[in-house]
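Listed here are the chains, written in short residue letters.
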Amino acid sequence: MTDPANSEFDTIIVGAGPAGLCAAMYAGRGMLRALTLESRVPGGELLNTEKIEDYPGFESILGRELAERMASHARKFGAEIRQMTVEGIQRLPDGSFEVRTVEGERFHAPTVILTAGGTPTKLGVPGEVEYAGFGVSYCAVCDGAFFRGQTIAVVGGGDAAVEEADYLTRYAEKVYLIHRRNQLRASRLLQERLFANPKIEVLWNRQVLSIEGREHAGLRDVTGLSLEDTVTGQRSSLPVSGCFVFIGFRPNTGLIQEHFAHDPGGYIVTDDRMMTSIPGLFAAGDLRAQLTRQVTTAVGDATTAAIAVEKFLTERRSKVGV
Ligand code: NAP
């Protein structure tokens, strides 16, 4: 049961990726009573990225190291980060919020900054669920080393797929990049790196029909992919021992228990203060509708959100006299 004296905050930050940690740092500097809730260790997607080379001031830094630095920076300014999984955010009749965790805690605040990021999109093909963790992966940094000297596939054509295909060649002997069109969506710089890497072969206009595998001695292994040419319809088999899927993210917005404005992809629409269509509920980072999703944009969103929260609280106090 939540200690009532320890359950009331000025703001509750849900998620401790770059956006959450930056919001926590600014909230601390703004002397707000803020609580940050995160189900894993702080860092979010930084923990799934080997190297960051586009964060100003750091020509190259390990994702994990940047995560640790951001967390300790936030803590230095008084951030309270608790390892808990949020299961729901409910607006109460007085306009404030109750945040419930699966651990059974209930926290209250007049504002919430939602920075819960996204979940990798699944291919939705036979074999994907069966072989998840047994050759099917959504995280190159976590699983790449299991494929030393092997032939593997990466599915997708965006920044994540192209960057991770390149990263995976430090372990794998050969990486097939499977893309459903004949043009990549990834940035030009990443594409140049991809095409310069002799261990990578791009299979254009191909979609995965199924992930094949076998079971032996109680273990499961991926043995190959069944592919279809998206132009000719021709089918083929590709022998690989691993399949990394990077075909986008689904924003983690399921925690919000009332209607909110969103774009066709489900990303949350905010105003220029990062406030959602629900007054007092702010959103920052990968789950917000915007042109691009970078570490830099996440911390930019979060900076705006935390400062906007301060202003919102001041206005609210002057209205309701609390
Ligand atoms: P993304 O940019 O949305 O790209 C998703 C890719 O997956 C697209 O190429 C798409 O194909 C393909 N795809 C989607 N559904 C598919 C399906 N069912 N079957 C096969 N292919 C499918 O996603 P992302 O690469 O995860 O990147 C997400 C955001 O993070 C982007 O804004 C990106 O810039 C950012 N990011 C940046 C970096 C970096 O700058 N270093 C690294 C990672 C991510 P189509 O092209 O045909 O639609």
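Since this is a predicted model, take the numbers as computed values, not measurements.

So, how was this worked out
- Residues numbered from 1 in each chain as written.
- Predicted model: local features only at pLDDT ≥ 70, side-chain atom pairs only at ≥ 80, totals over all residues.
- Heavy atoms only, no water.
- Phe/Tyr/Trp six-rings, centres within 6.5 Å; stacked < 30°, edge-to-face > 60°.
- Buried < 20%, exposed > 50% of the residue type's maximum accessible area, 1.4 Å probe, protein only.
- Helix = DSSP H or I, 4+ residues; strand = E, 2+ residues; numbered from the N terminus.
- Lys NZ or Arg CZ within 6 Å of the ring centre and 35° of its normal.
- Near = heavy atom within 4 Å.
- Polar contact = N/O pair within 3.5 Å; in protein donor to acceptor, adjacent residues only side chain to side chain.
- Areas by Shrake-Rupley, 256 points an atom, 1.4 Å probe, with all protein chains shown as cover.
- Nonpolar A, V, L, I, M, F, W, Y, C, P; charged D, E, K, R; others polar.
- Domains from an automatic or database assignment.
- Core = buried A, V, L, I, M, F, W, Y, C linked by side-chain atoms within 4.5 Å.
- Contact = heavy atoms within 4.5 Å.
- Pairing = 2+ DSSP bridges.
- Axes fitted to C-alpha atoms, helices over the stretch in contact; angles between N-to-C directions.
- Buried area = accessible area lost by both parts, 1.4 Å probe.
- Salt bridge = Lys/Arg side-chain N within 4 Å of Asp/Glu carboxyl O.

Novice: Teacher, can you tell me more about the packing of aromatic side chains here?
Specialist: For any pair of aromatic rings, the description rests on two quantities: the centre-to-centre distance and the angle between the ring planes. Enumeration over the complete set of coordinates arrives at seven aromatic pairs. Taken together, a centroid distance of 6.0 Å and an interplanar angle of 35° make the contact between Tyr-55 and Phe-58 tilted. Judged by its relative accessible area of 19%, Tyr-55 falls in the buried class. Of the residues examined, Phe-58 reaches a relative accessible area of 25% and is grouped as partly exposed. Pairing Phe-282 with Phe-312 gives two aromatic rings, centres 5.9 Å apart and planes at 85°, and the pair type is edge-to-face. Separated by 30 residues along the polypeptide, Phe-282 in strand E20 (residues 281-283) and Phe-312 in helix H6 (residues 295-320) bring together distant segments of the chain. Considered together, Phe-282 and Phe-312 belong to a single accessibility category, that of buried residues. Through a chain of ring-to-ring contacts, the aromatic side chains of Phe-147, Phe-244 and Phe-246 assemble into a single cluster. The aromatic ring of Phe-77 is capped on one face by Arg-29, whose charged end is 4.8 Å from the ring centroid. Positioned above the aromatic ring of Phe-9 is the side chain of Arg-33, whose terminal nitrogen or guanidinium carbon lies 4.6 Å from the ring centre.

Novice: Is there a simple way to think about the site of the ligand in this case?
Specialist: Around the ligand sit 18 residues in total, of which Asp-159, Ala-160, Arg-180, Arg-181 and Arg-185 are the nearest. Take Glu-163: an N or O atom from its side chain is 3.1 Å from a nitrogen atom of the ligand. Within the complex, 75% of the 910 Å² of free accessible area of the ligand lies under protein. Classifying every residue of the shell around the ligand by side-chain character gives four nonpolar, seven polar and seven charged. Two domains each donate at least three residues to the shell around the ligand, and these are domain 1 (4-119 + 249-320) and domain 2 (136-245).

Novice: I keep staring at the nonpolar core and nothing clicks. Help me out?
Specialist: In summary, soluble globular proteins display a tendency toward joint burial of nonpolar side chains. Counting 37 residues, the largest nonpolar core has Leu-46, Ile-52, Tyr-55, Leu-66, Met-70, Ile-113 and Phe-282 as its most contacted members. Among the elements of the structure, helix H1 (18-29), helix H2 (63-76) and H6 are those that each provide at least two residues to this core. Looking at which element gives the most residues to this core, the answer is H6, with nine residues. Those residues in contact with Met-70 that sit more than four places away from it in its chain are Pro-18, Leu-21, Leu-46, Tyr-55, Val-295 and Val-299. Core analysis: the second largest hydrophobic core is formed by 22 residues, Met-84, Phe-107, Leu-114 and Leu-255 among them.

Novice: Got a minute to help me understand the sheet that holds strand E6 (residues 86-91) in this structure?
Specialist: Strands in a sheet are paired, the pairing made by backbone hydrogen bonds, and the direction either parallel or antiparallel. A sheet is described by the order of its strands in space; here three strands give the open sequence E6-E7-E8, paired in antiparallel fashion. In this open sheet, the two edge strands, each paired with only one partner strand, are E6 and strand E8 (106-109). Strand-to-strand twist of the sheet, defined as the mean angle between neighbouring strand axes without regard to direction, takes the value 20°. Of the strand pairs in this sheet, strand E7 (residues 97-101) and E8 are connected by four bridges, and their pairing is antiparallel. Paired with Arg-100 across the strands is Arg-106, a residue of E8.

Novice: Can you help me understand the domain arrangement of the protein in this one?
Specialist: A common way to report how large an interface is uses the accessible area buried once the components associate. Domain boundaries assigned for the protein yield domain 1 (4-119 + 249-320) and domain 2 (136-245). Here the C-alpha centre of domain 2 lies 33 Å away from the C-alpha centre of domain 1. Summed over both sides, the interface between domain 1 and domain 2 buries roughly 530 Å², with carbon and sulfur atoms accounting for 41% of that surface. Its largest share of buried area at the contact with domain 2, domain 1 owes to Asn-48, Glu-50 and Glu-53, together 71% of the area lost on that side. Applying the counting criterion to the domain 1 and domain 2 interface returns one salt bridge. A salt bridge links Glu-53 to Arg-193, with the nearest nitrogen and oxygen atoms 3.1 Å apart. Tallied by class, residues from the side of domain 1 that touches domain 2 come to one nonpolar, three polar and three charged.

Novice: Honestly, the pattern of salt bridges in this entry has me stumped. Any pointers?
Specialist: A pair can form between side chains of opposite charge whenever their charged atoms are brought close. The full count for this structure, using the stated rule, is twelve salt bridges. For the salt bridge of Glu-65 with Arg-69, the shortest nitrogen-to-oxygen distance reads 3.1 Å. You can see Glu-65 and its partner Arg-69 sitting in helix H2, four residues apart, about one turn around the helix. We classify Arg-69 as partly exposed; its relative accessible area is 43%.

Novice: Even after reading the chapter, I still don't get the environment of Glu-164, so can you show me in this structure?
Specialist: Mapped onto the elements of the fold, Glu-164 is located in helix H4 (residues 159-168). Taking relative accessible area as the criterion, Glu-164 reaches 7% and is therefore assigned buried. Setting aside anything within four residues of it in sequence, one finds Glu-164 in contact with Asn-48, Ala-140 and Phe-246.

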